[in-house]
Amino acid sequence: MTTSASMVIQDQRLLTISELAKISVTEHDAETMLQRLLACLVETFETAEAGMLLLYDPSKERLVVHAAHGYDLAKLQQVRIAPGEARCGKAFQAGHPELYSTPEIIAAATANMTAANRELITAAMVDRQGPQSAVCLPLISGENKTGVLMLENLHEINTFTCIDLPFLQTVADLIALTVERAHMREDFQSAQALSEANRLKAELISTLAHEMRTPLTSIKGYSTALLME
């Protein structure tokens with residue numbers, strides 16, 4: 001690769017990082033943000049043509065698809081991938097990127113996928129061929145693995161290489177931080193909502209007590225008069 005071509009790729013990737021950072025800061029709806037992040041990455045990264053973004057649900061102990069590009073997202077949202085299952089599950093369990101250079105390697109990696117998940121993913125491909133090469137990267141925030149980013153090329157083998165991994169891992173780290181930030185915002189909003197509910201409850205009780213004080217005083221007065229008679 002020539003120096004000028006290398007500089008073009010570097011500039012393009014810096015632009016990609018910049019656009020991803022902009023989306024993570026300006027978009028406040030979590031699901032919309034994840035879809036925009038994935039779409040931006042697929043459209044600007046030179047070898048990616050499709051992909052999906054999965055987040056780990058601890059309550060179900062499964063990876064769940066939250067964004068997709070080149071797939072029918074509605075069908076993929078029914079998929080539940082266990083740690084160690086297929087490409088995404090293997091990358092999540094291992095905690096490091098996994099490269100899949102050919103359809104044969106991809107087929108071997110997905111051999112342990114459940115029949116239900118395989119049927120859903122095949123249906124979600126929207127009448128197109130399967131990927132020819134792919135890369136899966138775990139999303140890690142601090143000590144926590146939060147999900148997996150998978151990118152695919154639909155036409156060529158050996159498109160993702162070890163040279164791409166530092167850039168793609170930077171992207172995965174940025175997405176992981178964005179997901180963590182979104183969760184913190186949701187927790188904060190939940191705490192605020194709970195605080196507001198408690199305030200309204202206290203205000204209601206105070207108002208009822210105040211409104212009932214007057215009739216209770218009258219009732220007490222009449223009762224006292226009756227007892228005196």
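What counts, and at which threshold
- Residues numbered from 1 in each chain as written.
- Predicted model: local features only at pLDDT ≥ 70, side-chain atom pairs only at ≥ 80, totals over all residues.
- Heavy atoms only, no water.
- Helix = DSSP H or I, 4+ residues; strand = E, 2+ residues; numbered from the N terminus.
- Polar contact = N/O pair within 3.5 Å; in protein donor to acceptor, adjacent residues only side chain to side chain.
- Contact = heavy atoms within 4.5 Å.
- Salt bridge = Lys/Arg side-chain N within 4 Å of Asp/Glu carboxyl O.
- Buried < 20%, exposed > 50% of the residue type's maximum accessible area, 1.4 Å probe, protein only.
- Phe/Tyr/Trp six-rings, centres within 6.5 Å; stacked < 30°, edge-to-face > 60°.
- Lys NZ or Arg CZ within 6 Å of the ring centre and 35° of its normal.
- Pairing = 2+ DSSP bridges.
- Axes fitted to C-alpha atoms, helices over the stretch in contact; angles between N-to-C directions.

Trainee: Looking at this structure, I do not really get the side chain of Thr110. What am I missing?
Mentor: The topology assignment puts Thr110 in the loop between helix 5 (103-109) and helix 6 (115-124). Among the polar contacts listed, one links the side chain of Thr110 to the backbone oxygen of Ala107, at a separation of 3.2 Å. With residues up to four places along the chain from it excluded, the contact list for Thr110 reads Ala86, Arg87 and Arg118.

Trainee: Quick question: what am I supposed to make of the pattern of salt bridges here?
Mentor: When the charged atoms of two side chains lie near each other, side chains of opposite charge can form a pair. Taken as a whole and assessed by the stated rule, the structure comprises 8 salt bridges. Put simply, Arg13 and Glu46 hold a salt bridge, and the shortest N to O gap is 2.5 Å. With Arg13 in helix 1 (residues 3-26) and Glu46 in the loop between helix 2 (30-44) and strand 1 (50-57), the pair connects residues that are 33 residues apart, well separated along the chain. On the basis of relative accessibility, which here comes to 13%, the residue Arg13 falls in the buried class. We classify Glu46 as partly exposed; its relative accessible area is 36%.

Trainee: What is the right way to look at the packing of aromatic side chains in this model?
Mentor: Applying the stated rule across the entire model yields 3 aromatic pairs. Judged by centre distance (5.6 Å) and plane angle (25°), the rings of Phe45 and Phe167 are stacked. Residue Phe45 is found in the loop between helix 2 and strand 1, and its partner Phe167 is found in helix 7 (residues 165-228); the two are separated by 122 residues along the sequence. Positioned above the aromatic ring of Tyr71, the side-chain terminus of Arg128 is 4.4 Å from the ring centre. One Lys or Arg, Lys145, reaches over the ring of Phe92 and ends 5.1 Å from the middle of that ring.

Trainee: Which parts of the structure should I look at to understand the environment of Pro97?
Mentor: Structurally, the position occupied by Pro97 is in the loop between helix 4 (86-94) and strand 4 (98-100). On the basis of relative accessible area, Pro97 is assigned to the partly exposed category, the value being 24%. Each residue touching Pro97, except ones within four places of it in the same chain, is listed here: Cys136, Leu137, Pro138, Leu165 and Gln169.

Trainee: I would appreciate a short explanation of the sheet that holds strand 6 (residues 144-153) in the present structure.
Mentor: Neighbouring strands of a sheet are bound in pairs by backbone hydrogen bonds; such pairs are parallel or else antiparallel. Pairing is antiparallel in the open sheet, where 6 strands are placed in the order 3-2-1-6-5-4. In this open sheet, the two strands that pair with only one neighbour each are strand 3 (80-81) and strand 4. Pairing analysis gives 9 bridges linking strand 5 (residues 133-141) to strand 6, with the strands arranged antiparallel. Residue Ser141 lies in a different strand from strand 6, and its bridge partner there is Asn144. Across the sheet, helix 2 lies against strand 1, strand 2 (62-69) and strand 6, angled at about 60° from strand 2, the strand it touches most. Sheet contacts for helix 4: strand 1, strand 2, strand 3, strand 4, strand 5 and strand 6; angle to strand 6, the most-contacted strand, approximately 140°.

The quantities given are spatial measurements derived from coordinates; they are silent on function.
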